[in-house]
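Take a look at the letters that make up each chain.
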Amino acid sequence: MAQEDIFKKLVAHCKEYGYVFPSSEIYDGLGAVYDYGQHGVELKNNIKRYWWDSMILLHENVVGLDSAIFMHPTTWKASGHVDAFNDPLIDNKDSKKRYRADVLIEEHVAKYEEKAEKEIEKARERFGDRFDEPLFRQTNPRVAAHLEKRDALVARLSAALNANDLAELRQIIIDNQIVCPVSGTCNWTEVRQFNLMFATEMGSTAEGASKIYLRPETAQGIFVNFLNVQKSGRMKIPFGIAQIGKAFRNEIIARQFIFRVREFEQMEMQFFVPPGSGIEWFHRWKKLRMQWHQALGFGAACYRFHDHDKLAHYADAATDIEYRFPFGFKEVEGIHSRTDFDLRRHQEFSGKKMQYFDPGLNESYIPHVVETSIGVDRMFLQIISAAYREETIDDGETRVLLALPPALAPVKLSVLPLVKKDGLPEKAREIIQQLRLDCRCLYDEKDSIGKRYRRQDAIGTPFCVTVDHLSLEENTVTIRHRDTMQQERVSIDRLPGIIEEKTSLKTLLRRLDAI
Ligand code: GAP
């Protein structure tokens, strides 16, 4: 099935099974804003918990913060967002559709990559076990030609972005005959800059009100509290401050479901280090964050780093962790070495010293910062995309399942009485009573067992327990594993231990800690 069709099915699945709904749907929705349903909110909370605990519990020197969404407007002058938080936009005159010029070009870059990958795939099929991929990549002229074109385009794009040359961005689009996906024409307007911050007013009277912004990132709340946390927690550098919270961006090109939305949550950590050690810490965090993603078990091949050629105004090194979504490799998380840019600018604009006295060096300095920044919603989409499967099973039937990492699954266990009589529902309720404080359990007695299993597969429940007549005699149940569909008979007394071991966040964190 084409990747596009899989993605459409995934979006429909999220709605049908209570994961994600369009916002204010009864009024026809609101562009690029979504609500999370009964299972979605649980998955989201579990993702946040996984991130939070991996930061706060696994690192003695990382502490938390919850800063306000509204901040003094000068914050955004100091951070550079008022002047430089822009997207380069271009309109197609025929379709009247608006695009980000850099994204149009990046999508064209990805096409060259796809073409090269297709050649490699064909060769792999042709040569079988004898296929030497590195050699083929180096020597095949068609692959080399596609990759050369890709590299040339990437270099031209990054030069234009670095020079903020909007005319050149347009010229790249024209020279490469990049057409509007809707009209199919190359009839483009000029490229213009568009600021992404939402503004509102604080204060009750028109004269007294002042313009403030809905934060476009949570990071600035951490910077302005750097000294509060350092002093009140007697923190010694190096140390980090982690925060999870809402952020808002007036994304013009909001597509691909919850990948790019206007209201979203970020999980950001700023790690404060001595001047001169930013790059070393950048590499350490790069490795740690990739391990965090890979510990979920979707396979290392789904992820890659994308080191930036064009650096944001605050960074001296940057990389993205990209995941292979059904619509291609895309950023899930950004890791930046932000130098002392933010603290220095806040010192300048506020007139307050943002320095740390280092007892080891016996000197004061403005610390440098390494940032890890990931969107909860985007991570949600990554997990759901990786977990969604359609399988043909023995009887020719298709089962749709979400093979979610058990520690993140919204429901850990479903308890199913074989029939609605003979004391089986009561026994099932007893099991739930025993486990309900450890994990989220569901009770389901409607329809055949097969149908009930399918329902649980579709919401990603890792374990189903069936209570039958033997359960009353022997105090045992069958436990069915979602991914393998295998069943085993276990004593009810063993259930809490099995569920804890297989589904608790601790198991995942231990795996991470052991790396
Ligand atoms: N403080 C740095 C910062 O905000 P960013 O690359 O703009 O950097 C970090 O954003 C992460 O936030 C991204 O990797 C992505 O996961 C998430 N993110 C950014 N914009 C988003 C949007 N419009 N919708 C959903 N997630 C978004």
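Residues numbered from 1 in each chain as written. Predicted model: local features only at pLDDT ≥ 70, side-chain atom pairs only at ≥ 80, totals over all residues. Heavy atoms only, no water.

**Looking at the packing of helix H2 (residues 38-56) against helix H18 (residues 505-514)**
Put simply, H2 and H18 touch, their axes get as near as 11 Å, and they point 45° apart. By the angle class used here, H2 and H18 are oblique. Classified by chirality, the crossing of H18 by H2 is right-handed. Across from Arg49, Tyr50, Asp53 and Ser54 in H2, the residues of H18 making contact are Leu505, Leu508, Leu509 and Leu512. (Axes fitted to C-alpha atoms, helices over the stretch in contact; angles between N-to-C directions. Helix = DSSP H or I, 4+ residues; strand = E, 2+ residues; numbered from the N terminus. Parallel < 35°, antiparallel > 145°, perpendicular 65-115°, else oblique. Left-handed = near helix turned anticlockwise from the far one by under 90°. Contact = heavy atoms within 4.5 Å.)

**Overview of the nonpolar core**
Tyr19, Tyr50, Trp51 and Phe380 are the most contacted members of the largest nonpolar core, which totals 62 residues. With eight residues, helix H13 (residues 376-387) is the largest single contributor of residues to this core. Composition of this core by domain shows at least three residues from each of domain 1 (41-82 + 196-392) and domain 3 (401-513). Excluding residues within four positions of it along the chain, Trp51 makes contact with Ala242, Gln243, Ile244, Met267, Glu268, Met269, Arg289, Trp292 and Ile374. (Core = buried A, V, L, I, M, F, W, Y, C linked by side-chain atoms within 4.5 Å. Buried < 20%, exposed > 50% of the residue type's maximum accessible area, 1.4 Å probe, protein only. Domains from an automatic or database assignment.)

**A look at the sheet that holds strand S10 (residues 263-273)**
Read across the sheet, seven strands follow the order S3-S9-S10-S16-S13-S12-S11 without closing on themselves; strand pairing throughout is mixed. Edge strands, defined here as strands with exactly one partner in the open sheet, are strand S3 (62-65) and strand S11 (303-307). Each strand axis lies, on average, 25° off the axis of its neighbour in the sheet, ignoring direction. Pairing analysis gives ten bridges linking strand S9 (residues 239-248) to S10, with the strands arranged antiparallel. For Gly245, the partnering residue across the bridge sits in S10 and is Gln266. Along the sheet, H2 makes contact with S3, S9, S10 and strand S16 (368-375), crossing S9 at roughly 160°. Helix-sheet contacts for helix H11 (residues 278-294) involve S10, S11, strand S12 (317-325), strand S13 (328-337) and S16, and the interaxial angle to S13 is about 145°. (Pairing = 2+ DSSP bridges.)

**Thoughts on the site of the ligand**
The immediate surroundings of the ligand are formed by 20 residues, with Glu217, Arg249, Glu268, Glu331 and Val332 found nearest. Between the ligand and the protein, one listed contact pairs a nitrogen atom with a side-chain N or O atom of Glu251 at 2.8 Å. Val261 places a polar main-chain atom, nitrogen or oxygen, 2.8 Å from a nitrogen atom of the ligand. In isolation the ligand offers 550 Å² of accessible surface; the protein chains occlude 93% of this area. Taken together, the residues of the shell around the ligand sort by class into six nonpolar, four polar and ten charged. (Near = heavy atom within 4 Å. Polar contact = N/O pair within 3.5 Å; in protein donor to acceptor, adjacent residues only side chain to side chain. Areas by Shrake-Rupley, 256 points an atom, 1.4 Å probe, with all protein chains shown as cover. Nonpolar A, V, L, I, M, F, W, Y, C, P; charged D, E, K, R; others polar.)

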